[in-house]
Amino acid sequence: MLFISPPFGNYVNLPYTIPIRGSFTLEPRKGLFTQILKTLRYSKEWNGWVNKIGLRNPGLDYAIKKYYTNASNHKKNIISIAILSKDEIPKIKEKLPDDMNIEINVSCPNTEKGVVDKGIHVFINEKREWCIIKLAPLIDFEKIDKYYEMGFRQFHCCNTYPIHRNGKFIGGLSGPSLKTINKSLINYIRLRYPESTIISGGGIQKMSDIHDYKCIGANHFSVSSLMFSPLGFTSFYYNYVKYLNASN
């Protein structure tokens, strides 16, 4: 399966894909488009896209209303949530429908205080087809072990890579530079937890990237920054659908 990750997952619906909407926080965080215009840029130095969007979003109530209550088929959506304090966990749990598919963003690098990843096992239940953990690229393997011990079996490798210059945070990097890091995470999870489901994203630009990730153990794949190039994504998507049809 091909997942369309945020921010493009908020806008794109295509056959053979599942959009990941978000990331959403309990309360609205204004300034999404301002932050996109101010901070999103392509970096030749880092060979990828850099942003400091910082979880700007219209809030969890908006997400539930639009992608669950008013969705023709809500199970075709995955809602990415980010928890900014431990006190939010019971409030978010109460709001979320038990069968809403979610991805828990425990790794956004450009929030003011970071995101919460303790106590999040309460969101796991058998009614959700998807309850995914989105990992940080610089995560310690011991933390992956802890997520597994909590009960998580679906891992998304990985979020944007935090880059700094002279001790100052520049932004989160996405694109081809993440491939090497992702491969390390996928190898670890696949060897240690072979029954887990792995979604791999980062640097996917052509079908050879899909094959590379599949060979080391990824079950599914995600794209986002590829969509900054409409022609590039159109070519990739055409070949992906062709590949799926040939496989069937």
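Here the structure is shown first, and the text comes after it.
Note that the coordinates shown come from a computational prediction; the quantities given were computed from them, not determined experimentally. Here the residue numbers are simple positions, counted from 1 along each chain's written sequence. Totals for whole chains, interfaces and linings use every residue, but because this is a predicted model, local features are given only for residues with pLDDT of at least 70 and side-chain atom pairs only at 80 or more, for both listing and counting. Only hydrogens and water are set aside; all other atoms, that is, all heavy atoms of the structure, feed into the side-chain values.

Participant: Just checking my understanding: could you explain the pattern of salt bridges for this structure?
Facilitator: Oppositely charged side chains may form a pair once their charged atoms are brought near each other. A pair is scored as a salt bridge if a Lys or Arg side-chain nitrogen falls within 4 Å of a carboxyl oxygen belonging to Asp or Glu. Going through the model one piece at a time under the given rule, you end up with seven salt bridges. Across the pair Lys-143 and Asp-117 runs a salt bridge, and its minimum N-O distance is 3.3 Å. Note that Lys-143 is positioned in helix α4 (residues 141-150) and Asp-117 in the loop between β6 (102-105) and β7 (131-134), a separation of 26 residues in sequence. Owing to a relative accessible area of 36%, Lys-143 belongs among the partly exposed residues under this scheme. With relative accessibility at 13%, the residue Asp-117 sits in the buried group. Salt-bridge contacts for Asp-209 lead to Lys-179; the nearest nitrogen and oxygen are separated by 2.6 Å. Of the two residues, Asp-209 sits in helix α6 (residues 207-215) while Lys-179 sits in helix α5 (residues 179-192), which places them 30 residues apart along the sequence. When a residue's accessible area, from a 1.4 Å probe over protein chains only, is under 20% of the maximum for its type it is buried; when over 50% it is exposed; and in between it is partly exposed. For Asp-209, a relative accessible area of 3% corresponds to the buried category. Residues joined in a network through salt bridges with shared partners are Lys-179, Lys-206, Asp-209 and Asp-212. Only DSSP runs of H or I with at least four residues qualify as helices, and only runs of E with at least two residues qualify as strands; both kinds are numbered from the N terminus onward.

Participant: In this structure, what is going on with the packing of aromatic side chains? I would like to understand it.
Facilitator: Each aromatic ring pair is characterised by the separation of its centres together with the angle its planes make. Any two of the Phe, Tyr and Trp rings considered here, Trp counted by its six-membered ring, make a pair once their centres fall within 6.5 Å; the pair's planes then place it as stacked at under 30 degrees, edge-to-face at over 60, or tilted in between. Taken as a whole and judged by the stated rule, the model has nine aromatic pairs. When the ring of Phe-24 is compared with that of Tyr-67, the centres are 6.3 Å apart and the planes differ by 55 degrees; the resulting orientation is tilted. Separated by 43 residues along the polypeptide, Phe-24 in strand β2 (residues 17-24) and Tyr-67 in helix α2 (residues 60-69) bring together distant segments of the chain. The burial state of Phe-24 is the same as that of Tyr-67; both residues are buried. Taken together, the aromatic side chains of Phe-233, Phe-236, Tyr-237 and Tyr-240 make up a single cluster linked through ring pairs. Lying over the aromatic face of Tyr-148, Arg-153 brings its terminal NZ or CZ to 3.6 Å of the ring centre. The criterion is that NZ of a Lys, or CZ of an Arg, lies within 6 Å of the ring centre and within 35 degrees of the ring normal, and then a charge sits over that ring. We note Lys-179 situated over the ring of Tyr-213; from NZ or CZ to the ring centre the distance is 6.0 Å.

Participant: In this structure, what is going on with the packing of α6 against helix α7 (residues 230-247)? I would like to understand it.
Facilitator: Think of each axis as a best-fit line through the C-alpha atoms, taken over the contacting stretch in the case of a helix, with angles from 0 to 180 degrees between the N-to-C directions. Packing of α6 against α7 leaves a shortest axis separation of 9 Å and a crossing angle of 50 degrees. As judged from the angle between their axes, α6 and α7 are oblique. Between α6 and α7, the residues in contact are Met-207, Ile-210, His-211 and Lys-214 and Phe-236, Asn-239, Tyr-240 and Tyr-243, respectively. Residues were grouped as follows: Ala, Val, Leu, Ile, Met, Phe, Trp, Tyr, Cys and Pro as nonpolar; Asp, Glu, Lys and Arg as charged; and all remaining residues, including Gly, as polar. A breakdown of the residues in the contact of α6 with α7 according to their chemical character gives five nonpolar, two polar and one charged. Put simply, angles under 35 degrees are roughly parallel, angles over 145 are roughly antiparallel, angles from 65 to 115 are roughly perpendicular, and the rest are oblique. In this description, contact between two residues means that some pair of their heavy atoms is separated by no more than 4.5 Å.

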